[in-house]
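# Structural features, examined
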Amino acid sequence: MDGEGSYVYGDRSLAIVAVYMVERHGGTVVTPVPTSSCVEEYVRKKGGNVVYTRVGAPIVARKMIEIGALFGGEENGGLIFSNHQYCRDAGMASAAMLEVMAAKERTLSELVKEVPSYALVKTKVRCEKKDIIERLKEKIQEGRCDYTDGIKVYTEDGWVLMRPSGTEPILRIYAEGKSEKEAQQLISRYRSLVEEELK
């Protein structure tokens, strides 16, 4: 929560600390594919690079070790500092945010306003078909696709990600756009595509 009582989503806190780390040390930030575009846009603007992985803090940590990345984290707010340890650390994340606020002499709400704004919508569909991703690959005709974890489709309006849950018989669908309307339209379109394929 910021000082005005507003909830700060994990992708925004990730972006704030990631940029601070890049400004101080340079280098690469590692994060999973569902993370908001605000992180990559903000990090690249400050001269850093972003590498995407499948979902899961251990997967992010392994990629950080593999490429020598200084910092990583997930859109749920879990941050990983390689100079400390290769796992999420809530205490260190809190301390890092306080350090950013002190160093930049800005409130948390002021820092959040500097992060690029996107609308992210999430939903899920019950799915027990193991080949659903392969079937969807054949159906998707638009945009650039990333198969790091499921299918992430980049369109003119934003992106949509469809990935099987690792713990439940469901297909998670995430959509992001510059506005809530664009994100909702994307998620509605791709949810319909998934449901048609599941019939």
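Below, the structure is looked at part by part.

Parameters at a glance
Per chain, residues are indexed from 1 in the order of the written sequence. It should be noted that, the model being predicted, local features are given only for residues of pLDDT at least 70 and side-chain atom pairs only at 80 or more, the latter also being counted only at that level, while totals for whole chains, interfaces and linings use all residues. Side-chain metrics in this entry use all non-hydrogen atoms of the structure; hydrogen atoms and water are not considered. Strands pair, by our definition, only if DSSP identifies at least two bridges between them. A helix here means a DSSP run of H or I that spans at least four residues, while a strand means a run of E at least two residues long, and both kinds are numbered starting from the N terminus. Fitted lines through C-alpha atoms serve as axes, helices being fitted only where they are in contact, and the angles separating the N-to-C directions of these axes extend from 0 to 180 degrees. Any pair of N or O atoms that falls within 3.5 Å is considered a polar contact. Within protein, one atom must be able to donate a hydrogen and the other to accept it, and sequence-neighbouring residues count only if both atoms are side-chain atoms. Residue types Ala, Val, Leu, Ile, Met, Phe, Trp, Tyr and Cys, when buried and joined through side-chain atoms within 4.5 Å, form a set referred to as a nonpolar core. We call a residue buried when its accessible area falls under 20% of the maximum for its residue type, exposed when it is over 50%, and partly exposed in between, using a 1.4 Å probe and counting protein chains only. We call two residues in contact when some of their heavy atoms are within 4.5 Å. Buriedness for pockets is judged along seven lines, at least five of which must meet protein on both sides within 12 Å for an open set on the 1 Å grid over protein atoms alone, while cavities are sets there where a 1.4 Å probe fits but cannot get out, and lining residues have an atom within 4 Å of a point. Grid points are joined across faces, edges and corners, and a volume is the space filled by probe spheres set on the points. In the scheme used here, Gly and all other residues not listed as nonpolar or charged are polar, with Ala, Val, Leu, Ile, Met, Phe, Trp, Tyr, Cys and Pro taken as nonpolar and Asp, Glu, Lys and Arg as charged.

### Comments concerning the sheet that holds strand S6 (residues 144-146)
The pairing of strands in a sheet happens through backbone hydrogen bonds and is either parallel or antiparallel. Within the open sheet, the five strands sit side by side as S5-S9-S8-S7-S6. Their pairing is antiparallel. One side of each edge strand has no neighbouring strand; the edge strands of this open sheet are strand S5 (119-126) and S6. Taking each pair of neighbouring strands and ignoring which way they run, the sheet shows an average axis angle of 15°. As judged from the three bridges shared by S6 and strand S7 (residues 151-155), these two strands associate in the antiparallel manner.

### Structural notes on the side chain of aspartate 149
Within the secondary structure, aspartate 149 sits in the loop between S6 and S7. Within the structure, the side chain of aspartate 149 is placed 3.1 Å from the side chain of arginine 163, a separation counted as a polar contact.

### Here's the deal with the nonpolar core
Core analysis: the biggest nonpolar cluster contains 33 residues, and Ile16, Val17, Val29, Val43, Phe71, Leu79 and Phe81 have the highest contact counts within it. Looking at this core, the elements with two or more residues in it are helix H1 (10-25), helix H2 (37-45), strand S2 (49-53), strand S4 (79-81), helix H4 (90-104), helix H5 (108-113) and strand S8 (158-164). Among the elements that make up this core, the one with the highest residue count is H1 (nine residues). With near-sequence residues (within four places) excluded, isoleucine 16 lies in contact with Met97, Val100, Leu108, Leu111, Val112 and Val115. With 21 residues, the next largest nonpolar core counts Ala119, Ile151, Leu171 and Ile173 among its residues.

### Things to note about empty space enclosed by the protein
Empty space among the atoms becomes apparent when a probe as large as a water molecule is rolled across them. Evaluated as defined, the whole model comprises one cavity of 30 Å³ or more. Around the largest cavity sit Ile16, Tyr42, Val100, Lys104, Leu111 and Glu114, which together line it. Grouping the constituent residues of the lining of the largest cavity by class yields four nonpolar, no polar and two charged.

Remember, this is a structural readout, not a statement about activity or role.
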